[in-house]
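This is what each chain is made of:
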Amino acid sequence: MRLARFDGGRIGVCLGDEIVDVTDVCGIDPAEWPAVGPLRLIRDFEALRPKIEAALAAAARKPLADVRLETPVPWPNKVIAYPVNYHAHGREMQAQYRATNQGFFLKPCSSLSGPSDPVVLPRVPGREVHHESELGIIIGKEVRGLPRENWREAVFGYTCLLDMVVRGREERVFRKAYDSFCPIGPWVVTADEVPDPASLDLKLWVNGDLRQSANTRDLVLDIPGMIETASAVMTLYPGDVIATGTPEGVGPVVDGDRIRIVIDRIGEMNVDVVQGDLGMTEVFAQPYVPPIIKQA
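Counting starts from 1 at the beginning of each chain's written sequence and moves along it residue by residue. In keeping with the predicted nature of the model, local features appear solely for residues at pLDDT of at least 70, side-chain atom pairs appear and are counted solely at 80 or more, and the whole-chain, interface and lining totals rest on all residues. Side-chain descriptors were evaluated using all non-hydrogen atoms of the structure, hydrogens and water having been removed beforehand.

K.L.:
Explain helix α6 (residues 223-233) to me, and be specific about the residues and the numbers.
P.N.:
Along an α-helix, a turn takes 3.6 residues, which lines up residues three or four apart on a common side. Note on exposure labels: buried denotes an accessible area under 20% of the residue type's maximum, exposed denotes more than 50%, and partly exposed covers the range between, all computed with a 1.4 Å probe on protein chains only. A run of DSSP states H or I qualifies as a helix once it reaches four residues; a run of E qualifies as a strand once it reaches two. Both are numbered from the N-terminal end. Regarding α6, the residues found buried are Ile-223, Pro-224, Gly-225, Met-226, Ile-227, Ala-230 and Ser-231. Next to the buried residues of α6 lie β6 (79-81), β11 (133-139), β12 (155-162) and β17 (241-243). Between the side-chain oxygen of the N-cap and the backbone nitrogen of Gly-225 there are 2.8 Å, and the N-cap of α6 in question is Asp-222. Throughout, a contact is declared for two residues whenever any of their heavy atoms are within 4.5 Å. Any N or O atom pair separated by 3.5 Å or less is treated as a polar contact, with the protein-specific requirement of one donor-capable and one acceptor-capable atom, and with residues adjacent in sequence counted only for side-chain atom pairs.

Take a look at the structure:
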């Protein structure tokens, strides 16, 4: 099932080129703040699924082209991100560490945005903002200390994810925390639709130019390992997002660019890039030296 959020917090099931409105069936108030209805839907999905499926035949539906898709999980407890989780990306950035010995970092929930929202570039003269294409994992149940062999019981579904970053050597979270720096979407595909997430092709284009192309089989720390590692440290809750890391080919984006990410069995997300007016801080007042030069 492809579950989406649209038009001010409504919940829909995407069927082909249409979206079926199941907001009322799911018991969600689109005006609720904070918007935690999708978290309850994820938590209670197995109980709600028969009702949702029964409603599909008669529920109102619209062409997907006529709705505004929003971030499918707007208020998770946390976004967990694994850095340098492809060897080729580590080599291109001259990183001596990998996710297996570095661990994870956290992105703020305020960095989340959706497929209809632009990436807003901070005004940081002299710095580049880079795209990083990633598979996003959506956690489906509360777990702590989950062994890797039981990883599937924690997963609700998968989504496309962009982990945007101001390139530099300052604190990683600081450079990845800007609003709109974690687009996810266009929907969440439930785990039963993706039997082998360890073999998914992932591609990213900027203005039609292919920048990144890889397969999740090349992950350094695999999906079971990421879930085991995260849950060893902290409780994972329904709706938590795991960003699995980016492959080689990261590069800059500028005002007017359009980013396209496609992941097998998950879908496609197209996001515009616009220049914003905010974001300059004292931290970025000085250039980082020596510069980071990507290796071929």
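Structure's up, so let's keep going.
K.L.:
Which residues make up empty space enclosed by the protein, and what values go with them?
P.N.:
Both cavities and pockets are sets of points on a 1 Å grid over the protein atoms alone; in a cavity a 1.4 Å probe fits but cannot get out, in a pocket the set is open with protein on both sides within 12 Å along at least five of seven lines, and lining residues sit with an atom within 4 Å of a point. Grid points are joined across faces, edges and corners, and a volume is the space filled by probe spheres set on the points. Across all of its chains, the model carries two cavities of 30 Å³ or more by this definition. Lining the largest cavity we find Leu-3, Ala-4, Arg-5, Ile-11, Pro-38, Leu-41, Ile-42, Pro-72, Val-73, Phe-156 and Val-188. Of all the elements in the fold, those that place two or more residues in the lining of the largest cavity are β1 (2-6) and α1 (37-43). Here the term charged refers only to Asp, Glu, Lys and Arg, the term nonpolar to Ala, Val, Leu, Ile, Met, Phe, Trp, Tyr, Cys and Pro, and the term polar to all other amino acids, Gly among them. Tallied by class, residues from the lining of the largest cavity come to ten nonpolar, no polar and one charged. Space inside the second largest cavity adds up to approximately 60 Å³. Around the second largest cavity, the lining residues are Arg-5, Gly-9, Ile-11, Ile-28, Asp-29, Pro-30, Glu-32, Ala-35, Val-36, Gly-37 and Pro-38. Each residue belonging to the lining of the second largest cavity can be placed in one class, and the counts come to six nonpolar, two polar and three charged.

K.L.:
Provide a residue-level description of unusual backbone geometry, including the pertinent values.
P.N.:
Across the junction of Trp-33 and Pro-34, the peptide omega takes the value -5°, indicating a cis bond. Considering the arrangement of structural elements, one finds Pro-34 in the loop between β3 (18-21) and α1. Following Gly-185, the chain continues into Pro-186 via a peptide bond in cis, with omega recorded as 0°. The phi angle at Asp-7 is positive, at roughly 45°, despite the residue not being glycine.

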